[in-house]
Amino acid sequence: IAGITQAPTSQILAAGRRMTLRCTQDMRHNAMYWYRQDLGLGLRLIHYSNTAGTTGKGEVPDGYSVSRANTDDFPLTLASAVPSQTSVYFCASSATGGASYGYTFGSGTRLTVV
Amino acid sequence: EDKVVQSPLSLVVHEGDTVTLNCSYEVTNFRSLLWYKQEKKAPTFLFMLTSSGIEKKSGRLSSILDKKELFSILNITATQTGDSAVYLCAGIYGNKLVFGAGTILRVKS
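In this text the structure is predicted, and so the values were computed from the model without any measurement.

So, how was this worked out
- Residues numbered from 1 in each chain as written.
- Chains lettered and ligands numbered in written order.
- Predicted model: local features only at pLDDT ≥ 70, side-chain atom pairs only at ≥ 80, totals over all residues.
- Heavy atoms only, no water.
- Disulfide = S-S within 2.5 Å.
- Helix = DSSP H or I, 4+ residues; strand = E, 2+ residues; numbered from the N terminus.
- Pairing = 2+ DSSP bridges.
- Axes fitted to C-alpha atoms, helices over the stretch in contact; angles between N-to-C directions.
- 1 Å grid on protein atoms, 1.4 Å probe; cavity = no way out; pocket = protein on both sides within 12 Å on 5 of 7 lines; lining within 4 Å.
- Points joined across faces, edges and corners; volume = space filled by probe spheres on them.
- Nonpolar A, V, L, I, M, F, W, Y, C, P; charged D, E, K, R; others polar.
- Contact = heavy atoms within 4.5 Å.
- Buried area = accessible area lost by both parts, 1.4 Å probe.
- Salt bridge = Lys/Arg side-chain N within 4 Å of Asp/Glu carboxyl O.
- Polar contact = N/O pair within 3.5 Å; in protein donor to acceptor, adjacent residues only side chain to side chain.
- Phe/Tyr/Trp six-rings, centres within 6.5 Å; stacked < 30°, edge-to-face > 60°.
- Lys NZ or Arg CZ within 6 Å of the ring centre and 35° of its normal.

Undergrad: Provide a residue-level description of the state of the cysteines, including the pertinent values.
TA: Evaluated as defined, the whole model comprises two disulfides over all chains. Disulfide partner of C23 of chain A: C91 of chain A, at an S-S distance of 1.9 Å. A torsion of -70° about the S-S bond marks the disulfide between C23 of chain A and C91 of chain A as left-handed. Residue C23 of chain A is located in strand β3 (residues 19–25), and its partner C91 of chain A is located in strand β9 (residues 87–94); the two are separated by 68 residues in the primary sequence. The disulfide partner of C23 of chain B is C89 of chain B, and the S-S distance across this bridge is 1.8 Å. As the torsion about the S-S bond is roughly -60°, the C23 of chain B-C89 of chain B disulfide counts as left-handed.

Printed below as a string of C-alpha coordinates:
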(Lines give C-alpha, C1' and ligand atoms only; values in the text may rest on other atoms or scores of the structure.)
Protein backbone atom coordinates (compact mmCIF):
# COMPACT_ATOMS: atom_id res chain seq x y z
CA ILE A 1 0.00 0.00 0.00
CA ALA A 2 1.04 3.59 -0.50
CA GLY A 3 -0.64 6.28 1.54
CA ILE A 4 -3.53 5.81 3.93
CA THR A 5 -5.89 2.86 4.09
CA GLN A 6 -9.23 3.12 5.84
CA ALA A 7 -11.59 0.27 6.64
CA PRO A 8 -14.40 -0.41 6.25
CA THR A 9 -15.37 1.72 3.23
CA SER A 10 -18.94 1.83 4.45
CA GLN A 11 -20.99 0.48 7.33
CA ILE A 12 -24.55 0.50 8.57
CA LEU A 13 -24.61 0.29 12.35
CA ALA A 14 -27.40 -0.10 14.86
CA ALA A 15 -27.62 2.63 17.47
CA GLY A 16 -25.95 1.65 20.73
CA ARG A 17 -23.41 -0.63 19.08
CA ARG A 18 -19.67 -0.20 19.38
CA MET A 19 -17.64 0.36 16.22
CA THR A 20 -13.98 0.89 15.41
CA LEU A 21 -12.90 2.58 12.21
CA ARG A 22 -9.43 1.56 11.14
CA CYS A 23 -6.72 3.76 9.66
CA THR A 24 -3.24 2.68 8.60
CA GLN A 25 -0.53 4.71 6.90
CA ASP A 26 2.78 3.60 5.44
CA MET A 27 4.46 6.98 5.01
CA ARG A 28 5.97 7.10 8.53
CA HIS A 29 4.15 10.37 9.16
CA ASN A 30 4.23 11.43 12.78
CA ALA A 31 0.88 13.22 12.89
CA MET A 32 -2.51 11.64 12.21
CA TYR A 33 -6.04 12.99 12.33
CA TRP A 34 -9.66 11.95 12.20
CA TYR A 35 -12.22 14.23 10.54
CA ARG A 36 -15.92 13.88 9.94
CA GLN A 37 -17.54 15.47 6.92
CA ASP A 38 -21.16 16.58 6.93
CA LEU A 39 -22.99 18.50 4.24
CA GLY A 40 -22.73 22.23 4.78
CA LEU A 41 -20.26 21.87 7.65
CA GLY A 42 -17.12 20.84 5.83
CA LEU A 43 -14.52 18.69 7.56
CA ARG A 44 -14.40 18.90 11.34
CA LEU A 45 -11.55 17.55 13.43
CA ILE A 46 -12.51 14.83 15.91
CA HIS A 47 -9.17 13.75 17.40
CA TYR A 48 -5.55 14.03 16.45
CA SER A 49 -2.18 12.56 17.35
CA ASN A 50 1.06 14.48 16.90
CA THR A 51 3.19 11.40 17.50
CA ALA A 52 2.87 7.78 18.59
CA GLY A 53 1.74 7.55 22.20
CA THR A 54 -0.01 10.94 22.29
CA THR A 55 -3.52 12.02 21.33
CA GLY A 56 -5.55 15.22 21.55
CA LYS A 57 -9.14 16.38 21.20
CA GLY A 58 -10.30 18.28 18.18
CA GLU A 59 -13.41 20.32 17.55
CA VAL A 60 -16.01 17.53 17.94
CA PRO A 61 -14.53 14.79 20.18
CA ASP A 62 -17.61 13.75 22.18
CA GLY A 63 -18.65 10.14 21.65
CA TYR A 64 -15.33 9.19 20.06
CA SER A 65 -12.03 7.84 21.33
CA VAL A 66 -8.69 7.15 19.66
CA SER A 67 -5.42 5.43 20.43
CA ARG A 68 -1.96 5.63 18.88
CA ALA A 69 0.03 2.61 19.94
CA ASN A 70 2.43 2.91 17.00
CA THR A 71 3.26 5.26 14.13
CA ASP A 72 1.20 3.49 11.49
CA ASP A 73 -2.20 2.91 13.07
CA PHE A 74 -4.78 5.35 14.39
CA PRO A 75 -8.14 3.66 15.08
CA LEU A 76 -11.27 5.66 15.91
CA THR A 77 -13.83 4.06 18.24
CA LEU A 78 -17.47 4.91 18.74
CA ALA A 79 -18.30 3.37 22.10
CA SER A 80 -22.09 3.56 21.70
CA ALA A 81 -23.14 4.87 18.30
CA VAL A 82 -25.92 7.43 17.92
CA PRO A 83 -27.70 8.57 14.72
CA SER A 84 -25.96 11.97 14.86
CA GLN A 85 -22.70 10.15 14.21
CA THR A 86 -23.91 9.29 10.72
CA SER A 87 -21.24 10.88 8.56
CA VAL A 88 -18.29 10.30 6.29
CA TYR A 89 -15.10 9.83 8.29
CA PHE A 90 -11.68 10.69 6.90
CA CYS A 91 -8.33 9.79 8.36
CA ALA A 92 -5.37 11.98 7.42
CA SER A 93 -1.68 12.24 8.15
CA SER A 94 1.16 14.72 7.88
CA ALA A 95 4.88 14.82 8.56
CA THR A 96 6.04 16.47 11.76
CA GLY A 97 4.86 20.04 12.24
CA GLY A 98 2.57 20.03 9.25
CA ALA A 99 5.42 21.37 7.14
CA SER A 100 5.00 18.67 4.54
CA TYR A 101 3.42 19.35 1.20
CA GLY A 102 -0.18 19.24 2.35
CA TYR A 103 -1.96 16.54 4.25
CA THR A 104 -2.69 13.07 2.89
CA PHE A 105 -6.23 11.76 3.26
CA GLY A 106 -7.64 8.26 3.21
CA SER A 107 -10.61 7.40 1.00
CA GLY A 108 -13.09 7.69 3.82
CA THR A 109 -15.58 5.52 5.67
CA ARG A 110 -19.28 6.19 5.16
CA LEU A 111 -21.04 5.35 8.41
CA THR A 112 -24.82 5.22 8.83
CA VAL A 113 -26.20 4.80 12.35
CA VAL A 114 -29.81 3.65 12.40
CA GLU B 1 -12.61 30.58 17.58
CA ASP B 2 -10.64 29.80 14.47
CA LYS B 3 -12.85 29.98 11.44
CA VAL B 4 -12.57 29.56 7.69
CA VAL B 5 -15.40 30.83 5.48
CA GLN B 6 -15.79 29.97 1.83
CA SER B 7 -17.98 31.59 -0.77
CA PRO B 8 -20.02 30.98 -2.73
CA LEU B 9 -21.44 27.78 -1.25
CA SER B 10 -22.24 26.52 -4.73
CA LEU B 11 -21.74 27.63 -8.30
CA VAL B 12 -22.91 26.45 -11.70
CA VAL B 13 -21.00 27.57 -14.79
CA HIS B 14 -20.62 26.54 -18.42
CA GLU B 15 -17.55 24.99 -19.94
CA GLY B 16 -15.02 27.64 -20.86
CA ASP B 17 -16.05 30.06 -18.13
CA THR B 18 -13.59 31.40 -15.56
CA VAL B 19 -14.48 31.02 -11.89
CA THR B 20 -13.12 32.55 -8.71
CA LEU B 21 -13.62 30.83 -5.38
CA ASN B 22 -13.14 32.77 -2.17
CA CYS B 23 -11.79 31.83 1.23
CA SER B 24 -11.48 34.11 4.24
CA TYR B 25 -9.99 33.06 7.51
CA GLU B 26 -9.55 33.99 11.13
CA VAL B 27 -6.84 31.67 12.32
CA THR B 28 -4.80 32.17 15.45
CA ASN B 29 -1.10 31.60 14.84
CA PHE B 30 -1.80 31.22 11.16
CA ARG B 31 0.85 29.33 9.23
CA SER B 32 -0.46 28.42 5.82
CA LEU B 33 -3.59 27.98 3.78
CA LEU B 34 -4.39 24.91 1.73
CA TRP B 35 -6.75 24.31 -1.15
CA TYR B 36 -8.13 20.85 -1.89
CA LYS B 37 -10.33 19.39 -4.61
CA GLN B 38 -12.78 16.70 -3.55
CA GLU B 39 -14.60 14.58 -6.09
CA LYS B 40 -16.04 11.25 -5.06
CA LYS B 41 -13.87 10.43 -2.10
CA ALA B 42 -10.73 11.81 -0.46
CA PRO B 43 -9.74 15.46 -0.84
CA THR B 44 -6.74 15.83 -3.12
CA PHE B 45 -4.15 18.52 -2.55
CA LEU B 46 -4.02 21.53 -4.87
CA PHE B 47 -1.99 24.33 -3.29
CA MET B 48 -0.30 25.36 -0.10
CA LEU B 49 0.06 29.13 0.35
CA THR B 50 2.33 30.58 3.00
CA SER B 51 3.52 33.91 1.64
CA SER B 52 1.29 36.83 0.79
CA GLY B 53 1.03 38.06 -2.80
CA ILE B 54 2.80 35.16 -4.48
CA GLU B 55 0.62 33.39 -7.01
CA LYS B 56 0.81 29.63 -7.27
CA LYS B 57 -0.18 28.12 -10.57
CA SER B 58 -0.90 24.64 -11.84
CA GLY B 59 -2.29 24.43 -15.36
CA ARG B 60 -5.60 26.26 -15.44
CA LEU B 61 -5.71 26.65 -11.67
CA SER B 62 -4.06 29.44 -9.73
CA SER B 63 -4.28 30.74 -6.19
CA ILE B 64 -3.03 33.65 -4.15
CA LEU B 65 -3.01 34.61 -0.48
CA ASP B 66 -3.51 38.04 1.10
CA LYS B 67 -2.32 37.87 4.70
CA LYS B 68 -3.23 41.46 5.40
CA GLU B 69 -6.88 41.07 4.41
CA LEU B 70 -6.95 37.40 5.55
CA PHE B 71 -8.28 35.83 2.40
CA SER B 72 -7.32 33.65 -0.52
CA ILE B 73 -8.80 33.06 -3.95
CA LEU B 74 -8.70 30.06 -6.24
CA ASN B 75 -9.11 30.80 -9.93
CA ILE B 76 -9.98 28.25 -12.58
CA THR B 77 -9.81 29.40 -16.19
CA ALA B 78 -11.38 27.70 -19.22
CA THR B 79 -13.37 25.39 -16.97
CA GLN B 80 -14.07 21.80 -18.01
CA THR B 81 -16.66 19.31 -16.80
CA GLY B 82 -13.85 17.50 -14.98
CA ASP B 83 -13.46 20.53 -12.75
CA SER B 84 -16.83 19.74 -11.18
CA ALA B 85 -16.07 19.01 -7.52
CA VAL B 86 -16.16 20.41 -4.02
CA TYR B 87 -13.29 22.81 -3.40
CA LEU B 88 -12.10 22.99 0.18
CA CYS B 89 -10.02 25.68 1.81
CA ALA B 90 -8.24 25.05 5.12
CA GLY B 91 -6.04 27.08 7.45
CA ILE B 92 -3.15 25.50 9.33
CA TYR B 93 -2.83 26.42 12.98
CA GLY B 94 -0.29 24.53 15.00
CA ASN B 95 -0.32 21.09 13.48
CA LYS B 96 -4.04 21.03 12.69
CA LEU B 97 -6.25 22.14 9.84
CA VAL B 98 -9.43 24.18 10.13
CA PHE B 99 -11.63 23.64 7.08
CA GLY B 100 -14.25 25.79 5.45
CA ALA B 101 -17.57 24.26 4.43
CA GLY B 102 -16.47 24.06 0.80
CA THR B 103 -17.70 25.41 -2.52
CA ILE B 104 -19.62 23.01 -4.77
CA LEU B 105 -18.69 23.73 -8.38
CA ARG B 106 -20.66 22.25 -11.24
CA VAL B 107 -19.46 22.80 -14.79
CA LYS B 108 -22.10 22.17 -17.44
CA SER B 109 -21.17 21.11 -20.95
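Right, picking up where we left off after that structure.
Undergrad: Mind laying out the sheet that holds strand β1 (residues 3–7) of chain B, listing which residues take part and the relevant values?
TA: Residues and elements named next belong to chain B. The strand order β1-β3-β8-β7-β6 describes an open sheet built from five strands, whose pairing is antiparallel. Strands at the two margins of the open sheet, each flanked by one partner only, are β1 and β6 (56–58). Averaged over neighbouring strand pairs, the angle between their axes works out to 15° when direction is ignored. By the bridge criterion, three bridges tie β6 to strand β7 (residues 61–66) in an arrangement that is antiparallel. Across the sheet, residue K56 finds its bridge partner in β7, namely S63.

Undergrad: Run through the layout of surface pockets, naming residues and quoting values.
TA: Considered as a void within the structure, the largest pocket measures approximately 620 Å³ in volume. Lining the largest pocket are 26 residues, and of these Q37 and R110 of chain A together with Q38, E39 and V86 of chain B sit closest to its centre. Among the secondary structure elements, those contributing two or more residues to the lining of the largest pocket are β4 (31–38), β9 and β11 (109–113) of chain A together with β9 (85–93) of chain B. Here the residues of the lining of the largest pocket are counted per class, giving nine nonpolar, twelve polar and five charged.

Undergrad: Describe the sheet that holds strand β1 (residues 4–7) of chain A, listing the residues and the values that go with them.
TA: All names here are of chain A. Strand order in the open sheet formed by four strands is β1-β3-β8-β7, with antiparallel pairing between adjacent strands. In the strand order of this sheet, the two ends are held by β1 and β7 (64–66), each with one partner. When strand polarity is set aside, the average angle formed by the axes of neighbouring strands in this sheet is 20°. Inspection of the sheet shows β7 paired to strand β8 (residues 76–78) by three bridges, in the antiparallel sense. Directly across from S65, in β8, lies its bridge partner T77.

Undergrad: Outline the interface of chain B and chain A, supporting the account with residue identities and numerical values.
TA: Taken together, the contact pairs 18 residues of chain B with 24 residues of chain A. A buried area of about 1700 Å², summed over both sides, lies between chain B and chain A, and 59% of it is on carbon and sulfur atoms. In this structure, the connection of chain B to chain A is made through zero salt bridges. On the surface where chain B and chain A come into contact, there are three residue pairs in polar contact (both at pLDDT 80 or more). Sorting the residues of the side of chain B that touches chain A by element identifies β4 (30–38), β5 (44–49), β9 and β10 (96–99) of chain B as the ones contributing at least two each. Ranked by residues supplied to the side of chain B that touches chain A, first place goes to β4 of chain B with four residues. Of the residues that constitute the side of chain B that touches chain A, the class distribution is eleven nonpolar, four polar and three charged.

Undergrad: Give a detailed account of the packing of aromatic side chains, specifying residues and quantitative values.
TA: Per the stated rule, a full pass over the model turns up eleven aromatic pairs over all chains. A centroid spacing of 6.1 Å and a plane angle of 80° characterise the contact between Y36 of chain B and F45 of chain B, whose relative ring orientation is edge-to-face. Aromatic ring contacts, followed pair by pair, group Y33, Y35, F90, Y103 and F105 of chain A together with Y36, F45 and F99 of chain B into a single cluster. The cationic tip of R68 of chain A hangs over the ring face of F74 of chain A; the distance from NZ or CZ to the ring centre is 6.0 Å.

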